[in-house]
Amino acid sequence: KIMISQVGRGTCFLNNCALIFKFSFYFSIELYKVPHRILDHRVFVNGEIEAFLDNFEVRRNDSEVETLFQVTETVGSLKYDLSERCITSGNQNLSQFATEVNALLGNIEALLEKAKVERAPSTQLQKARHAREQRKAEFLNNLQHGYQRIDNSFEEKEEEIAELYSDLQLKLNITK
């Protein structure tokens, strides 16, 4: 590397210019590296990681790390142990549930078949139907008789009005 103290010691102007050029070249390279050095945090991060590991491994004699590994092993063993127990228990209980559900389904189907079968009406129901039919026939007969009386009454009134009108025409001497 070129030092500033070496710049004025050359005998020739060109040597001095060459030295100055080399100096400025190296200086520009160093200036180019400055932002990289300022913004590069790898050294700091690596130091923090080493300090963190040192804190857990050296100062605490690996107790927390060992505890974490023990918890992980316990959880893993429980995971496989419990899954096997759940599978066997499920297989046992599911077969029992399947038989109970099938029996229930059979009972429901039998109930539906009983509900679908048409039964003959009881004698009491038949008597009640017959009595309703008789009352209906009697009501219709009475209604028809009432209609007939109204029609007869209308015809009589019509004849009376025709007679009165003809008498009125005779009295007033109105010819048709």
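Residues numbered from 1 in each chain as written. Predicted model: local features only at pLDDT ≥ 70, side-chain atom pairs only at ≥ 80, totals over all residues. Heavy atoms only, no water.

The name given to the protein chain in an unreviewed UniProt entry is Biogenesis of lysosome-related organelles complex 1 subunit 5, with Drosophila rubida as the source organism. One UniProt comment on the protein chain, placed under Sequence similarities (unreviewed entry), says "Belongs to the BLOC1S5 family." (UniProt positions renumbered as here; feature names shortened; annotations may be inferred.)

Across its full length, the protein chain carries four helices and zero strands. Listing every helix and strand of the protein chain by position from the N terminus yields α-α-α-α. For the protein chain, the residues scored as buried account for 2% of the 176 residues in total. With the model as given, the accessible surface of the protein chain reaches about 16,800 Å², and the carbon-plus-sulfur share is 61%. (Helix = DSSP H or I, 4+ residues; strand = E, 2+ residues; numbered from the N terminus. Buried < 20%, exposed > 50% of the residue type's maximum accessible area, 1.4 Å probe, protein only. Areas by Shrake-Rupley, 256 points an atom, 1.4 Å probe, with all protein chains shown as cover.)

The next thing to look at is a nonpolar patch on the surface. Side chains of F44, V45, I49, F52 and L53 sit close together on the surface and give an oily, nonpolar patch of about 490 Å² of accessible area. Positionally, I49 belongs in helix α2 (residues 42-59). Residue I49 is classed as partly exposed on the basis of its relative accessible area, which comes to 45%. (Patch = residues over 30% accessible without salt bridge, like charges linked within 9 Å, V, L, I, M, F, W, Y side chains within 5 Å. Salt bridge = Lys/Arg side-chain N within 4 Å of Asp/Glu carboxyl O.)

What follows deals with the UniProt feature "coiled-coil region" (unreviewed entry) in the protein chain. Under the local residue numbering, the UniProt record ascribes the feature "coiled-coil region" (unreviewed entry) to residues 140-167. Spanning residues 140-167, this segment combines 100% helix with 0% strand, and its end C-alpha atoms are found 41 Å apart.

As a further point, take helix α4 (residues 123-172). Helix length check: α4, at 50 residues, gives a terminal C-alpha distance of 73 Å against a target of 74 Å (1.5 Å per residue), a fit within 8%. Looking one or two residues past α4, N173 carries a phi angle of roughly 55 degrees, positive in sign. (Expected span 1.5 Å × (residues − 1).)

Confidence in the prediction for the protein chain averages 77 pLDDT; 69% of positions are at 70 or higher. Mean pLDDT per element in the protein chain: helix α1 (residues 13-39) is the minimum at 63, and α4 is the maximum at 93. (pLDDT = per-residue confidence, 0-100.)

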